[in-house]
Every structure is written in C-alpha cells, then in structure tokens.
Amino acid sequence: MADHDGGYKRLFSHPEMMADLLRGFVREDWVADLDFTSLTKYPTTFINEQLRERRDDVIWRLRRGSEDIYIYLLLEFQSGVNPYMAVRMLNYLGLLYQDLIHSREIAADGRLPPVLPIVLYNGRRRWNAAQDIADLIAHPPGQLENYRPRLRYLLIDESAYDDANLAALHNLVAALFRLENSRDPQPVREVLTALADWLQAPEQLELRHSFVLWLKQVFLRTRLPGVALPELNELEEIHAMLNEDIIPWTELWRQDGLRAGLQQGLQQSLEAERRLLLRLIRRRFDGTTAEQSIPLLERIKQSADFEDLGEALLDCANGDAWLTQLRVVAESCNES
C-alpha cells in the first residue's frame, strides 16, 4: 500500500485538496471562518524521527481570524482497522505540540494553537474503532475519572459516502472518493471529465499532474491488473483510453467489484464472530480481560480459529489462562 499512501500524500500536499476536504467533509460552523488563502504546509520530519513506524501524515496551518489552526491529516490505508488509532493520534499530537513549543510557534500569551486531527481511511471494511481515547480506558473509580485523558479525532471513511451525494459536490476530494469507490468505468469517465474541466488554470498544473500520477501508478494498476497500459500523461488521455475498449475493461472492473464484495462479505462475517466472542469474554471474565483480548482477536483471520477459541473459552479457568490461549492462536496466525 506504500504507493497508495505516497499518492495520497502527494495529492493532499496541495492546498486546493486540503481546502476541499475541509469545505466538503468537515460539517462544522467554524470552517466557514477559515482563511483558505493562508494554508501553509508544516513539516512532519520531527514525527518521523521519533516514532519509527509506517505512517503517512500531512499537517497544514491556516488562519481563523487572528489565530492559527492546525489540521493534522493521518492517511490510514491498512488492510484492517486499528482499534488503538486514538492512542496513535494522541502520540502524534503530543509530538506536534512539542515541536511548536520548541520552535516558539505559539501565541503571545503562551497558549498552544488548536489542532483538528483527521483520520482519512479508504478501506472497504467499515471503521469501528473508538474515535476518542477516553473510550479505550476503563472507567476509573470516583474522582480518578477527572484524570482520564480525552482526545477525539475526526474520521473520514471514504466508502461510507454515497456516489450520488459525492457527484453533486463540485469538490476535488469528492471526485477522488468517487474514483476510489467506483465499480465500473462510467463514474470514472465522469470524474475525469470534471477534473479536466476544473484543473485548467496554469497554477493548477502540479495538482493536475499529481492526479495523473496517482491514476497511472495506483488506481489503474489496481483496477486493470495485467493490462499493458499505454503512455499516459494527461487526464484526457486516460479518459480516451477508457472509451477505446470499454467491454474488456468493464469486465475487469466487474471482476474487481466481485472480489471486493467477496472480501467484504468475509470480513463482515469474521467481524461478527469477533464481536460475539468478545461479548462472551466480557460475560465469562471481566472488562480488563476483554480489552486485552481485542488486539489479539484482530490478528485472527480464519473462521475455524474463532470456533476453536469459542470452545477454549469454556474450558479456561480464569482470564490469565484465556489470554495465554488466545496469544498462542494469534501468534500462530502471524506465522502462517
């Protein structure tokens, strides 16, 4: 998925894309007061140096009246849902604030600027992870509740949007989502026609080129596997190619859609088994054992393993014995 991540990171490094993401997909009143002409890219190398894991992010700064606001966009293109995304985001925002303090990019009164954390997710499986870190932490007793951390991120789940609603928007990000969600070439041709019309100005040349690169290097390679593609340097050339031999490519798109449907059905079935087993763990033991089981259950991808674990759950004397058994199964899944 690295090419996909890199293509998106390039696209969202253009201010026009970030502006359309905020205008079209952050449905909050304060967005209307933003000065989109003030969008300035903020470096993320400080995060790469301190958190050494695969991750792509984009940070922008813009003005709202007299104050700065930061937009932290995390691109999440893993095959599965990360149940502890809120913890990752807390780490990243902490590093961002440390960097702002170090570089003295703070208000005259010493206060730190507000940050909108966004997770942009393009997986076909529905996102079901907690969006607030407080929901991942067991309820503490009494006044200890006052110290439970809270941080909520905004989730933008691409495949949750209906194509008709996206098509009604004159929005670059909506066009990108339509391409991602497409299951036949027709909406792709519509989007390419719109993009060619929207990105005509000389100052949009780089953004237009970024779309072409993503389409060639990621999108078409995924949708038309094994097809020898001609040299494509313009949106109009990609549009013409799709019109030339539509029947074979329609079939390839259909097969891709069928594969996606089968994969989604399998994932939904596994998710249902995972949820059921988690409910049984909570009833059999306690909330702490259930919370510790979640990341291990996420690693299990076979229905037969869930069946075996269901039987093992009845035989384990306590939560520790259960977690030991679960770790054995999860580690065997990794090895296979």
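Starting from 1, residues in each chain are numbered consecutively following that chain's sequence as written. The model is predicted, so local features are restricted to residues of pLDDT at least 70 and side-chain atom pairs to those at 80 or more, both for listing and for counting; the totals for chains, interfaces and linings are taken over all residues. Hydrogens are left out, water is left out, and the side-chain values use all remaining heavy atoms of the structure.

## Here we look at the overall build of the protein
Piece 1. Helical segments are the DSSP runs of H or I of at least four residues, strand segments are the runs of E of at least two, and each set is numbered from the N terminus. Across its full length, the protein carries 13 helices and five strands.
Piece 2. Sequence-distant contacts, at least 24 apart, represent 66% of the contacts inside the protein between residues at least 6 apart.
Piece 3. Accessible surface is estimated by sampling points in the Shrake-Rupley manner with a 1.4 Å probe; for residues, cover comes only from the protein chains shown. Counting every atom, the protein has about 17500 Å² of accessible surface; 51% of that belongs to carbon and sulfur. Only heavy atoms matter for contacts: two residues are in contact if any of them lie within 4.5 Å across the pair.

## Considering the side chain of Arg-274
Piece 1. Position of Arg-274 among the secondary structure elements: in helix 10 (residues 246-284).
Piece 2. If we ignore the near neighbours within four places in the chain, the residues touching Arg-274 are Arg-125, Leu-297, Glu-298, Ile-300 and Phe-306.

## Structural notes on the packing of helix 7 (residues 185-198) against helix 8 (residues 205-223)
Piece 1. Where helices are involved, their axes are fitted lines through C-alpha atoms of the stretch in contact, as for all axes, and angles between N-to-C directions lie from 0 to 180°. Across the interface, helix 7 lies against helix 8 with an axial gap of 11 Å and an inter-helix angle of 155 degrees. Here helix 7 lies roughly antiparallel to helix 8, going by the angle between them. Both helix 7 and helix 8 take part in a crossing whose hand is left-handed. Between helix 7, through Val-188, Leu-192, Leu-195 and Ala-196, and helix 8, the contact on the second element is made entirely by Arg-208, Phe-211, Leu-215 and Phe-219. Between 65 and 115 degrees an angle is taken as roughly perpendicular, under 35 as roughly parallel, over 145 as roughly antiparallel, and anywhere else as oblique. A clockwise turn of the near helix away from the far one marks a right-handed crossing, whereas an anticlockwise turn of less than a right angle marks a left-handed crossing.

## Observations concerning unusual backbone geometry
Most of the time, phi is negative for any residue but glycine, and the peptide bond is trans.
Piece 1. Phi is positive for Arg-104, which is not a glycine, with a value near 60 degrees.
Piece 2. Note on classification: 1.4 Å probe, protein chains only; a residue is buried when its accessible area is under 20% of the maximum for its type, exposed when over 50%, partly exposed between these limits. The exposure class of Arg-104 is exposed, given its relative accessible area of 72%.

## Here we look at the side chain of Asp-57
Piece 1. Within the element layout of this structure, Asp-57 appears in strand 2 (residues 56-64).
Piece 2. By relative accessible area, which is 1% here, Asp-57 ends up buried.
Piece 3. If sequence neighbours within four positions are ignored, Asp-57 has contacts with Lys-9, Thr-44, Ile-47, Tyr-72, Leu-73 and Leu-74.

## Considerations on the nonpolar core
Piece 1. What is meant by a nonpolar core is a set of buried Ala, Val, Leu, Ile, Met, Phe, Trp, Tyr and Cys residues, joined one to another through side-chain atoms within 4.5 Å. Counting residues in each nonpolar core, the largest one holds 56 residues, and the members touching the most others are Phe-12, Leu-22 and Phe-211.
Piece 2. Residue contacts for Phe-211: discarding those within four places in its chain leaves Leu-11, Met-17, Leu-172, Leu-176, Leu-195, Leu-199 and Leu-235.
Piece 3. By size, the runner-up hydrophobic cluster in this structure holds 27 residues, among which are Val-81, Leu-93, Tyr-121 and Leu-151.

## A short note on a nonpolar patch on the surface
Piece 1. For patches, a residue must show more than 30% relative accessible area and have no salt bridge; joins then use 9 Å for like charges and 5 Å for nonpolar side chains, namely Val, Leu, Ile, Met, Phe, Trp and Tyr. Any Lys or Arg side-chain nitrogen located within 4 Å of an Asp or Glu carboxyl oxygen qualifies as a salt bridge. Taken together, the side chains of Ile-101, Ile-106 and Leu-112 make up a nonpolar region of the molecular surface, amounting to roughly 240 Å² of accessible area.
Piece 2. Along the chain, Ile-101 falls in helix 4 (residues 85-102).
Piece 3. Overall, the relative accessible area of 48% leaves Ile-101 in the partly exposed class.

## Overview of helix 8
Piece 1. What a helix is expected to span follows from its residue count: subtract one and scale by 1.5 Å. The end-to-end C-alpha distance of helix 8, which contains 19 residues, comes to 25 Å, matching closely the 27 Å that a straight helix rising 1.5 Å per residue would cover.
Piece 2. Bend, at a single residue, is the angle you get between axes fitted to the 7 residues ending at that residue and the 7 residues starting at it. Its axis deflected by about 40 degrees at Leu-215, helix 8 carries its strongest bend there.
Piece 3. Of the residues making up helix 8, those classed as buried are Leu-207, Arg-208, Ser-210, Phe-211, Val-212, Leu-213, Trp-214, Leu-215, Val-218, Phe-219, Leu-220 and Arg-223.

## As for the packing of aromatic side chains
A ring pair, where both rings are aromatic, is described by two values, the distance of the centres and the angle of the planes.
Piece 1. Aromatic contacts are taken between Phe, Tyr and Trp rings whose centres are within 6.5 Å, Trp giving its six-membered ring; a plane angle under 30 degrees counts as stacked, one over 60 as edge-to-face, and the others as tilted. Evaluated as defined, the whole model comprises nine aromatic pairs.
Piece 2. Aromatic pair Tyr-42 and Tyr-70: ring centres 5.6 Å apart, planes at 85 degrees, arrangement edge-to-face. Of the two residues, Tyr-42 sits in strand 1 (residues 34-42) while Tyr-70 sits in strand 3 (residues 67-76), which places them 28 residues apart along the sequence. This pair shows no difference in class: Tyr-42 is buried, exactly as Tyr-70 is.
Piece 3. Feature note: the residues Tyr-8, Phe-12, Trp-214 and Phe-219 constitute an aromatic cluster, connected by ring pairs.

## Observations concerning the pairing of strand 3
Piece 1. Most of strand 3 is tucked away: eight of the 10 residues are buried.
Piece 2. Two strands pair when backbone bridges link them, and strand 3 and strand 4 (residues 115-121) are joined in this way by seven bridges, in the parallel orientation. Opposite Tyr-70, over in strand 4, you have Val-115 as the bridge partner. Strand pairing is assigned whenever DSSP detects at least two bridges linking the two strands.

## A short note on the pattern of salt bridges
Piece 1. Across all of its chains, the model carries 15 salt bridges by this definition.
Piece 2. A salt bridge links Glu-234 to Arg-208, with the nearest nitrogen and oxygen atoms 3.1 Å apart. Here Glu-234, found in the loop between helix 8 and helix 9 (235-244), pairs with Arg-208, found in helix 8; they are 26 residues apart in sequence, far enough to count as distant.
Piece 3. Measuring nitrogen to oxygen at the nearest pair gives 2.6 Å for the salt bridge that ties Arg-208 to Glu-236. Of the two residues, Arg-208 sits in helix 8 while Glu-236 sits in helix 9, which places them 28 residues apart along the sequence.
Piece 4. What makes Arg-208 buried here is its relative accessible area of 10%.

## Focus: a negative patch on the surface
Piece 1. Asp and Glu are treated as the negative residues and Lys and Arg as the positive ones, with His and the ends of the chain left uncounted. The atom standing in for a charge is NZ when the residue is Lys, CZ when it is Arg, CG when it is Asp and CD when it is Glu. Taken together, the side chains of Glu-307, Asp-308, Glu-311 and Asp-315 define an acidic patch exposed on the protein surface.
Piece 2. Within the secondary structure layout, Asp-308 lies in helix 12 (residues 303-315).

## Looking at the packing of helix 2 (residues 15-25) against helix 6 (residues 172-181)
Piece 1. Running from N to C, helix 2 and helix 6 point in directions that differ by 85 degrees, and their axes come no closer than 7 Å. Classed by the angle they form, the pair helix 2 and helix 6 counts as roughly perpendicular. Counting all contacts with helix 2, which are made through Glu-16, Met-17, Asp-20, Leu-21 and Phe-25, the residues of helix 6 involved are Leu-172, Val-173, Ala-174, Leu-176 and Phe-177.
Piece 2. In this classification, Asp, Glu, Lys and Arg are treated as charged, Ala, Val, Leu, Ile, Met, Phe, Trp, Tyr, Cys and Pro as nonpolar, and every other residue, Gly included, as polar. Of the residues assigned to the contact of helix 2 with helix 6, the class counts are eight nonpolar, no polar and two charged.

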